[in-house]
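Architecture at a glance
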Amino acid sequence: YDQSQCAAIGCCQYEEGECWAAGGSCTTGPNPPTYPTMPTTPTTPVTPTSPSSSSSCLDSYASRLGITSLPNTASSSYLSLYCQYTFVSAPNGKRIEIFGQSQLSSLQLYRARSILSFYLEDVAGSEYGGDKSAVANAMADNRAKLDMPNGEHEQPGAGQSLEGQELFYAETPVEGGTWYMQNDWDHRDAAFEEILHLVHDNGI
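First, a word on what this report is: a plain description of the structure on this page.

About the cut-offs
- Counting from 1, residues in each chain are numbered in the order their sequence is written.
- Given that this is a predicted model, residues contribute local features only at a pLDDT of at least 70 and side-chain atom pairs are listed and counted only at 80 or more, while totals for whole chains, interfaces and linings are drawn from all residues.
- As a rule here, side-chain values come from all non-hydrogen atoms in the structure, and water together with hydrogens is ignored.
- Counting from the N terminus, the helices are the DSSP runs of H or I reaching at least four residues and the strands are the DSSP runs of E reaching at least two.
- Burial classes follow relative accessibility: with a 1.4 Å probe on protein chains only, a residue under 20% of its type's maximum area counts as buried, one over 50% as exposed, and anything between as partly exposed.
- Two residues qualify as a contact provided that any one of their heavy atoms is within 4.5 Å of a heavy atom in the partner residue.
- Only the protein chains shown count as cover for residues, and all accessible areas are computed by the Shrake-Rupley method using a 1.4 Å probe.
- Axes here mean lines fitted to C-alpha atoms, for a helix over just the part in contact, with angles spanning 0 to 180 degrees between N-to-C directions.
- By definition in this entry, angles of less than 35 degrees are roughly parallel, angles greater than 145 are roughly antiparallel, angles of 65 to 115 are roughly perpendicular, and the rest are oblique.
- Residues are grouped as follows: Ala, Val, Leu, Ile, Met, Phe, Trp, Tyr, Cys and Pro are nonpolar; Asp, Glu, Lys and Arg are charged; all remaining types, including Gly, are polar.
- Counted as positive: Lys and Arg. Counted as negative: Asp and Glu, with His and the chain ends omitted from the count.
- By definition, a salt bridge exists where a carboxyl oxygen of Asp or Glu is found within 4 Å of a side-chain nitrogen of Lys or Arg.
- Pairs of N or O atoms within 3.5 Å make up the polar contacts considered here, provided that, within protein, one atom can donate a hydrogen while the other can accept it, and that residues adjacent in sequence are counted only when both atoms are side-chain atoms.
- Under the pairing criterion, centres of Phe, Tyr and Trp rings, with the six-membered ring standing for Trp, must be within 6.5 Å; the plane angle then separates stacked pairs below 30 degrees from edge-to-face pairs above 60, leaving the rest tilted.
- By definition, any crossing whose near helix is turned counterclockwise from its far helix by less than a right angle is left-handed, and any crossing with a clockwise turn is right-handed.
- Strands are treated as partners if at least two bridges between them are detected by DSSP.

With that settled, the discussion passes to the overall build of the protein. Within the protein, the secondary structure is distributed over seven helices and six strands. Scanning the protein from its N terminus toward the C terminus, one meets helices and strands in the order α-β-β-α-α-β-β-α-α-β-β-α-α. In the protein, buried positions account for 40% of the 204 residues. Relative to all contacts within the protein whose residues are 6 or more apart in sequence, the contacts with residues 24 or more apart total 54%. Here the protein displays about 11,300 Å² of accessible surface, and carbon together with sulfur accounts for 50% of that area.

Written out as structure tokens, the structure is:
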């Protein structure tokens, strides 16, 4: 992020090319942003539903976190079943796409994108990770996608994945949410596992 993008996503400090957030209100900068209470993951199960359009389920945090409706370039199948979208840009300019259905919060998509970015980040001085551009480019060339359907894996009536690696709503807790704070095993965190499958299968 550059400095203006840093402020736009709600961080309050920009230092050496990185954005930093604070737990309370920010004190740096001329117009420090205010921090709303982050939404928590519901404690009771919700009956899975498939959205009927791609513009009906963005929450109030979506624009701040870079989550949008699906682009017009998405297939008709995605447009009919998914309603949230984000992506990671590969060095070759192509996208590694992430699609979410209606139960997913924008924070869940944001977290998935952050984990994908973490896996693709160069690690200076490492034996194999000093330059991961070839992995990211291969993923984009292979049209790698992460599908985040409603419900949970093998649940009757759960949402369906289409062309991408699946990561279900119920297995994507967010730090600070109820599932995370209560260490709810019914909502174990499968994000690192499933996103690693995505990277391995499409980029390595």
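Looking now at the packing of helix α5 (residues 133-141) against helix α7 (residues 191-203). Their axes nearest at 8 Å, the elements α5 and α7 cross at an angle of 85 degrees. Relative to α7, the element α5 lies roughly perpendicular. Residues V135, A138 and M139 of α5 lie in contact with α7, whose contacting residues are L198, V199, N202 and G203. In terms of residue class, the contact of α5 with α7 is made up of five nonpolar, two polar and no charged.

Okay, the side chain of E171 next. Mapping E171 onto the fold places it in the loop between β6 (165-166) and α6 (178-181). In this structure, E171 is buried with no salt-bridge partner, the nearest side chain bearing the opposite charge being R188 at 4.3 Å. A distance of 3.0 Å separates the side chain of E171 from the backbone nitrogen of F168, its partner in a polar contact. Once you skip the residues sitting within four places of it in the chain, E171 turns out to touch H153, E166, R188, D189, A190, A191 and E194.

As a further point, take the packing of aromatic side chains. For the structure shown, the criterion picks out eight aromatic pairs. On the basis of an interplanar angle of 75 degrees and a centroid distance of 6.3 Å, the ring pair of Y82 and F99 is categorised as edge-to-face. Here Y82, found in the loop between α3 (76-81) and β3 (84-89), pairs with F99, found in strand β4 (residues 95-100); they are 17 residues apart in sequence, far enough to count as distant. Each member of the pair, Y82 as well as F99, carries the same accessibility label: buried.

This part takes up the packing of helix α4 (residues 106-120) against α7. Where α4 meets α7, the closest approach of the two axes is 10 Å, and the angle between their N-to-C directions is 55 degrees. Here α7 runs oblique to α4, going by the angle between their axes. α4 and α7 meet at a crossing whose hand is right-handed. In contact with R111, A112, I115, L116, F118, Y119 and L120 of α4, α7 contributes A191, F192, I195, L196, L198 and V199. Considering only residue class, the contact of α4 with α7 consists of twelve nonpolar, no polar and one charged.

Strands sit in the order β3-β4-β5-β6 across an open sheet of four strands; the sheet is mixed. A single partner strand is all that each edge strand has here, and the edge strands are β3 and β6. In terms of strand pairing, strand β5 (residues 145-148) meets β6 through two bridges, oriented parallel. Pairing of D147 across the sheet is with E166, part of β6. Across the sheet, α4 lies against β3, β4 and β5, angled at about 15 degrees from β3, the strand it touches most.

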